[in-house]
Amino acid sequence: MADEQHIPVYTNLADLYDNLGSTLNHAVRWDHLAGEFVRRFGRKPAYIARAPGRVNLIGDHIDYALFGVLPAAVEQDILIACGARPVVAHSPEPEHIPGSVIAENLHTKYKGQEFAPIQKVQNGSDISEEQVHAEGWHLDINTRELRWESYVKAGYYVGRTDAILPSSESNLPVPVDLLVTGTVPAGSGLSSSAAMVVASTLAFLAVNGKFDDNTNDNNLTSYITKGELVKMAMENEKRVGVNSGGMDQAASVMSDCSSALYITFYPALKASPVRLPDKAVFVCANSLVISDKAVTAKWHYNLRVVETLVGARILARKLSISVGEREKITFREVVGRYAGEKPGEDMGIDKLTEVLETMINDKVDLLRPKDVTGGEWGVTMEQMIELSGLSKEVFEEVYLSWVEIEATHFQLYKRAKHVFSESLRVLKFRQACIDATNADGNFNAEQRIGDLMNESQRSCSEVFECSCPELDELTRLAREAGAYGSRLTGAGWGGCTVSLVPENQVESFIKRIQDNMVPTKV
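Residues numbered from 1 in each chain as written. Predicted model: local features only at pLDDT ≥ 70, side-chain atom pairs only at ≥ 80, totals over all residues. Heavy atoms only, no water.

Asker: Please set out the packing of helix α11 (residues 349-361) against helix α14 (residues 412-438) residue by residue, giving values where relevant.
Answerer: For the pair α11 and α14, interaxial distance at closest approach is 9 Å and the crossing angle is 145°. The chirality of how α11 crosses α14 is left-handed. Counting all contacts with α11, which are made through Ile349, Leu352, Thr353, Leu356, Glu357, Met359 and Ile360, the residues of α14 involved are Phe420, Ser421, Ser423, Leu424, Leu427 and Arg430. Residue classes in the contact of α11 with α14 are distributed as eight nonpolar, three polar and two charged. (Axes fitted to C-alpha atoms, helices over the stretch in contact; angles between N-to-C directions. Helix = DSSP H or I, 4+ residues; strand = E, 2+ residues; numbered from the N terminus. Left-handed = near helix turned anticlockwise from the far one by under 90°. Contact = heavy atoms within 4.5 Å. Nonpolar A, V, L, I, M, F, W, Y, C, P; charged D, E, K, R; others polar.)

Asker: An account of helix α5 (residues 192-207) is requested, with residue identities and associated values reported.
Answerer: Think of an α-helix as 3.6 residues a turn; residues three or four steps apart then line up on the same face. The terminal C-alpha atoms of α5, which comprises 16 residues, lie 22 Å apart, in line with the 22 Å expected from a rise of 1.5 Å per residue. Of all 16 residues in α5, 16 are buried, a share of seventy percent or more. Taken from the residues just after α5, Gly209 is the one with a positive phi, measuring 80°. (Expected span 1.5 Å × (residues − 1). Buried < 20%, exposed > 50% of the residue type's maximum accessible area, 1.4 Å probe, protein only.)

Asker: Pulling in residues and values, what's your account of the sheet that holds strand β11 (residues 485-488)?
Answerer: Pairing within the open sheet is antiparallel, and its three strands lie in the order β10-β12-β11. Strands at the two margins of the open sheet, each flanked by one partner only, are β10 (280-286) and β11. Across the sheet, the axes of successive neighbouring strands diverge by a mean angle of 20°, strand direction being ignored. Pairing analysis gives seven bridges linking β10 to strand β12 (residues 496-502), with the strands arranged antiparallel. The residue of β12 that forms the bridge with Ala280 is Pro502. Helix-sheet contacts for helix α15 (residues 445-462) involve β10, β11 and β12, and the interaxial angle to β11 is about 35°. In the packing of helix α16 (residues 469-480) onto the sheet, contacts are made with β10, β11 and β12, and the angle to β11 comes to roughly 165°. (Pairing = 2+ DSSP bridges.)

Asker: Requested: an account of the pairing of strand β1 (residues 47-58), with residues and values cited.
Answerer: Burial of β1 is extensive: nine of the 12 residues sit out of reach of the surface. Relative to strand β2 (residues 70-84), β1 runs antiparallel, the two being bridged by 10 bridges. Considered in β2, the bridge of Pro52 is made with Asp77.

Distances and angles like these do not, on their own, reveal function.
Below, the structure written as structure tokens:
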């Protein structure tokens, strides 16, 4: 399983890219980054951390409901050259402050930043006398103002309550120099933010010796697995105000160059490769509508997270499924309990398919409002709290205390309808790929996959409401230009589409899109 593999450390680009053409294409960029690091900081970088972006082929907005998804990594990536500076205790020089970070970016749009953690002293009656004097390190991240260095700061944390581990020699966190460059377009739906957080997490782990051969740490060793890194990066991206479900980080960390990745999150994070059909190509097109999850989270992304979580609780109640008062049950857990799945077990794909069909054809209508007036399918906050069976105080603690959202009506029925149908489409997409691999040539996997992608786009646009006019138009043009299917990819509300195109028509497809929709970047 990909999640159990160790984080690889490469010493040459040929091993990394496993393709001579790609290696030659990227060598100039890597050399330039390393050279700039030397020019700015006076020494060679110890490591260059890399994290690719991703394209989600199908399965958007279902990872935080704990259903499986099917993304693939893209060649575009984030690179961070990094190196530690000496720790000088009690030094007045800013560059020697414990844990201080000088972060610079090759893109002139992003100005260089310097920041350092502060010490937090633990106190309270529930800790031992030895712990009273223990100090941790903390970085403030302003989630209300999006800044590029916020994603660097998020990577400073390595899966613990406090920030990066102190060096063993001085018991102080090491000062760090970073130089960033990237080719994943910001706000494109190709997960530039997740790639940035993964890369920065890797960089801070690297400069603290977590990938050195002689690392000897009982808690974090050089044998960090890809699954562990994904969990760190998931928690880290939440620090910038986005309650990510884990798909973006998993795709960036676990994908290989030859396959898509079927990622499941329940009962535990697992990932396995899925071979794609040989006679078609997935083409991404950028609508150039900026989609920034952190900026619009309270109206878009985080709102959908809350709607799906509350919808899961209410559906569970209507199905007479027991839910703890402060439990944030997900739709995947509702499905499992409905089917009699034991805690910690996976019912398997065949049974999951059967139960999802039951939910779609029958049970999801339990969330349908009784009185629909003026085309409004949502419920108010007061109605939602009442349906949850919780007091106002407990509801706010469980569902609102950790996130900022804004809406007058909450679309519980529509969100559930999308989650269940999209989750089933992922399973059908995966099966079509498997059938194509085993078929004798007469199986039209491409059209089956294309039909699923078109259904997904309709659901994203009309039911989950995460599309936008430009994406709707771009997917329509893609189908007219010969694509088997086309859909938005990523969170939506802008960014990119992904289209499945016959291999022998890719060039003509790209030209037709460019000729018919301006501005668009393919």
